[in-house]
Amino acid sequence: MLLLLFIIGCDGTDESLRQSEELIRSGKHDEAVALLAQVIADDDRNPKARILMAQAHEALGNYDRAIPQFKAAIRLYVAQPEDRAMARLQLAKIYLRLGVRKEGVNQLRAIVHSTSDNAVIQQVAGLVSDAYHVIQITKGNPANFSPNFSLDGKQIAFASSRLGNSEIYLIDVNGSNLQQVTSTPDFNEDTPRFLGDSRYIVHSREPKSAGEVHIVLQSDGTTPVYAGIYATHLDREVTHELLPLGLGVRAPCLSPDWKRVVYEASRNRTLDLYTLDLRDINLENIGAHTIIPTPITDSEADEGSPTFFPDGKQIAFVSAGPEGTGPRRAAPGRSKPLHQIYTINIDGSDEKHLNPNPYDCYSPVIAPDGKTMAFVSGRMDDIEIYLMDIDGTNERRITNGIGVSVQPAFSPDGKKLVFVSDRSGTLQIYLMFFDQPVTRDMLIQHLQGE
């Protein structure tokens, strides 16, 4: 009978922990705290309950309550080094967010001295340095931004303000052989995308308003935008209009078969997503065609920054709706709604919230193998680039330089990531190599200098 009661008790605890995890995923953190308090009252040596309690308090912003729970879990996981390392990692993130760097670094040192797990090492590296080897592609005072790889991965198209306005350029991945593509002194060209293996680049254009360049992580539908989408031939410097300036369209992204363009457009003071079908369009004779956009979304939310999945049937995008509306509502303690990443079928069906969390997330891009997503997030008073699995799990930060890191784009083989950072003092383009991760020895040496 005692054995039976013990088994029933364990089953009850497991069910309570499962329910707590579901409550946390659903954003019902207060309910999770109440349930976990009972679990811990019955068994104060349950490390999983301590971890979940800490996560719930962290989500509520109760860091002073989350820290003791993480510390308790670290003590209880003494015979489970992998779980202990992850508890230390979560505790370190809180310390770093609070600016208590010494305590955070102490936790990170303990992790790297006790594990050789490459996945854990990469997560630690992302908190104190770039997680992989990085080189700088562009240099100088002009701002360089909006990078994207050519189909063969040998060139990068980007925008630059080196002539006083924003024009499109090409450069080899080693930083050589710079080539100017557009020349429109009265306009700003931005967001270049290679149109498959053709000699065309699709890009956005808007009237030049000032010599200063501002990167917008996510547009706001209430701000008027006079922008259009154009296609420019790389050799002949001939530009064709796909969508005129008056439509206020931005952030074009091409499907994997290069037959469709998805983009954001301001309609009725909100951003929505649209698709443009290029299958029967001859760019050499574009004037003879009228391309009718097809809406994908139509809501009160600002929805933008679309990117295709490799199958071309689904897109990821960023959404932030009016305060107090559904899953996009403002988080506790915030006056504005969160920007979060969602997925939707190209026909507008089956919308899903991919990565529920209390942080703003922007600029999703998907690796060619469809297994990983890179995105930008503002956390710990910093804006950096993160990776996560395509199901929204296993988040890890991969950049950590002075300033911000934004606008990620994968190479066609998925082995490199190009991005923009102002770590050198001006916006420049950098290249990250996923086959050259920071090693444990390198990380130990780096942490010794902290």
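Owing to the predicted nature of the structure, the values given are computational and were not obtained by experimental measurement. (Residues numbered from 1 in each chain as written. Predicted model: local features only at pLDDT ≥ 70, side-chain atom pairs only at ≥ 80, totals over all residues. Heavy atoms only, no water.)

When helices and strands are tallied, the chain shows eight helices and 24 strands. The C-alpha radius of gyration of the chain comes to 24 Å, within 12% of the 22 Å expected for a compact globule of 450 residues. For the chain, the spread of C-alpha atoms along the three principal axes comes to 85 × 45 × 35 Å. Split into buried and exposed, the 450 residues of the chain put 53% on the buried side. Relative to all contacts within the chain whose residues are 6 or more apart in sequence, the contacts with residues 24 or more apart total 46%. Surface accessibility of the chain: about 20700 Å² in total, with carbon and sulfur atoms responsible for 49%. For the chain, the distance from the average site of its 44 positive side-chain charges to the average site of its 58 negative ones is 5 Å. (Helix = DSSP H or I, 4+ residues; strand = E, 2+ residues; numbered from the N terminus. Rg over C-alpha atoms; globule rule 2.2 N^0.38 Å. Buried < 20%, exposed > 50% of the residue type's maximum accessible area, 1.4 Å probe, protein only. Contact = heavy atoms within 4.5 Å. Areas by Shrake-Rupley, 256 points an atom, 1.4 Å probe, with all protein chains shown as cover. Lys, Arg positive; Asp, Glu negative; His and termini not counted. Charge placed at Lys NZ, Arg CZ, Asp CG, Glu CD.)

A few words on the pattern of salt bridges. Scanning the entire structure with this criterion turns up 12 salt bridges. A salt bridge links E22 to R25; the nearest nitrogen and oxygen atoms lie 2.9 Å apart. Of the two residues, E22 and R25 are both situated in helix 1 (residues 2–25); the distance of three residues between them amounts to about one turn of the helix. The partly exposed category is assigned to E22, whose relative accessible area is 38%. Under the relative-accessibility criterion, R25 is labelled exposed at 54%. In this structure, the salt-bridge partner of D277 is R279, at a minimum N-O distance of 2.5 Å. Residue classification places D277 among the partly exposed positions, given a relative accessible area of 30%. Residue classification places R279 among the exposed positions, given a relative accessible area of 54%. (Salt bridge = Lys/Arg side-chain N within 4 Å of Asp/Glu carboxyl O.)

The subject of this paragraph is the packing of aromatic side chains. How two aromatic rings sit relative to each other is given by the distance of their centres and the angle of their planes. Enumeration over the complete set of coordinates arrives at seven aromatic pairs. Judged by centre distance (5.9 Å) and plane angle (25 degrees), the ring pair of F317 and Y342 falls under stacked. Highlighted residues: F317 in strand 15 (residues 314–320) and Y342 in strand 16 (residues 340–345), separated in sequence by 25 residues. Comparing F317 with Y342 shows no difference in burial state: the two are buried. Between F375 and Y386 the ring centres are 5.7 Å apart and the planes differ by 20 degrees, which places this aromatic pair in the stacked class. (Phe/Tyr/Trp six-rings, centres within 6.5 Å; stacked < 30°, edge-to-face > 60°.)

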